[in-house]
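# An overview of the molecular structure
The chain contents come next:
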Amino acid sequence: MSGFDYNIVLIGFMGTGKSTVSEYLSSRFAMRIVEMDQVIAKREKMSIPEIFAAHGEEYFRDLETGLLVEMQSRKNTVISCGGGAALREKNVVQMKKNGKVVLLTASPETVYERVKDCDGRPLLDGRKNVEGILELMEQRRDRYEAAADIVVNTDNKTVTQVCEELVKRLMEMEE
Ligand code: S3P
């Protein structure tokens, strides 16, 4: 297979594996990769926590929206969104213009294990525990699900298993 004539847009809560999955897809299918947080941090010359501290969340969210608009002219690109990008409806409209939206999910316990030793996620400040993660996840669940074309759970799966399932589901969508 030689890639996709659309973009694969990975959404989901922090720690659901978007970056890991995007790297795998990118090398397996020779897709370009856009890690939204990285692009934004590079352009702003600041880390994500610095952007939040200096300009606030709304400013960061506007940068996400602008970047998603730019992505419409791409194809065969895997776009790894920050965990909040799918919460704005206008962002989801942009994602769907030339992309299939894939929601990655994981239990709060799995997310906690994956994020517990990393800094750099301002929205987990003060809630980096299973209960805090569950609470924020529940607040977001409906919006994530409404945005998704397909949903892939990542609990207890290898990245290869997740990607095989994901690609199979995308193929089924096209049939
Ligand atoms: C956020 C998730 C982060 C980053 C920012 C906000 C969120 O990305 O965009 O800290 O609101 O869930 P990851 O999902 O890649 O950690």
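Rules used in this analysis
Every residue gets a number counted from 1 within its own chain, in the order that chain's sequence is written. Local features in this predicted model are restricted to residues whose pLDDT is 70 or higher, and side-chain atom pairs enter the listing and the counts only when it is 80 or higher, whereas totals over whole chains, interfaces and linings include all residues. Hydrogens and water are ignored here; the side-chain numbers use all heavy atoms of the structure. Near, as used in this document, describes a residue that has one of its heavy atoms within 4 Å of the molecule or strand being considered. Under the rule applied, a polar contact is a pair of N or O atoms within 3.5 Å (in protein, one hydrogen donor and one hydrogen acceptor; residues adjacent in sequence only if both atoms are side-chain atoms). A 1.4 Å probe and the Shrake-Rupley method give the accessible areas. Residues count as covered only by the protein chains that appear here. Here a strand is any run of E in DSSP of at least two residues, a helix any run of H or I of at least four, and the numbering for each starts at the N terminus. Here a helix's expected span is defined as the number of its residues, less one, multiplied by 1.5 Å. Here the bend at a residue is taken as the angle between two axes, fitted respectively to the seven residues that end there and the seven that start there. To sort residues, take the accessible area from a 1.4 Å probe on protein chains only and compare it with the maximum for the residue type: under 20% means buried, over 50% means exposed, and anything in between is partly exposed. Two residues form a contact once any of their heavy atoms are found within 4.5 Å. Any Lys or Arg side-chain nitrogen located within 4 Å of an Asp or Glu carboxyl oxygen qualifies as a salt bridge. Aromatic rings from Phe, Tyr and Trp, taking only the six-membered ring of Trp, are treated as a pair when their centres fall within 6.5 Å; an angle between ring planes under 30 degrees marks them as stacked, one over 60 as edge-to-face, and anything in between as tilted. Counting as a charge over the ring demands two things of the Lys NZ or Arg CZ atom: a distance within 6 Å of the ring centre and an angle within 35 degrees of the ring normal.

Lining the immediate environment of the ligand, one finds 13 residues, of which Lys-18, Arg-61, Arg-121, Leu-123 and Arg-140 sit closest. Measuring from an oxygen atom of the ligand, one finds a backbone N or O atom of Gly-83 at 2.9 Å. Burial of the ligand by the protein chains amounts to 95% of its free accessible area of 380 Å².

This part is about helix H7 (residues 130–147). The first and last C-alpha atoms of H7 sit 24 Å apart over 18 residues, in line with the 26 Å expected at 1.5 Å per residue. Within H7, the axis deviates most sharply at Arg-140, by approximately 45°. Listing the buried residues of H7 in full gives Gly-132, Ile-133, Leu-136, Met-137, Arg-140, Tyr-144 and Ala-147. Packing partners of the buried residues in H7 comprise strand S1 (7–11), helix H4 (57–71), helix H5 (89–97), strand S4 (99–105) and helix H6 (108–115).

Applying the stated rule across the entire model yields 13 salt bridges. Across the salt bridge formed by Arg-88 and Asp-62, the nearest N and O atoms sit 2.9 Å from each other. Residue Arg-88 is located in the loop between strand S3 (77–80) and H5, and its partner Asp-62 is located in helix H4; the two are separated by 26 residues in the primary sequence. Using a relative accessible area of 17% as the deciding quantity, one classes Arg-88 as buried.

This part covers the environment of Arg-143. Residue position: Arg-143 is located in helix H7. Overall, Arg-143 belongs to the partly exposed group, its relative accessible area being 41%. Placed eleven residues apart in sequence, Arg-143 and Gly-132 show a C-alpha to C-alpha distance of 18 Å. Discounting residues that sit within four places of it in the chain, Arg-143 has contacts with Ala-86 and Leu-87.

By convention here, two paired aromatic rings are described through the distance between centres and the angle between planes. For the coordinates displayed, the defined rule picks out three aromatic pairs. Summarising the aromatic geometry, the rings of Phe-4 and Phe-29 are spaced 5.4 Å apart at their centres and angled 75° between planes, so their arrangement reads as edge-to-face. Residue Phe-4 is located in the segment before S1, and its partner Phe-29 is located in helix H1 (residues 18–29); the two are separated by 25 residues in the primary sequence. Taken as a pair, Phe-4 and Phe-29 share a single burial class, namely buried. The lysine or arginine in question, Lys-100, covers the ring of Tyr-6, its NZ or CZ lying 4.3 Å from the ring centre.

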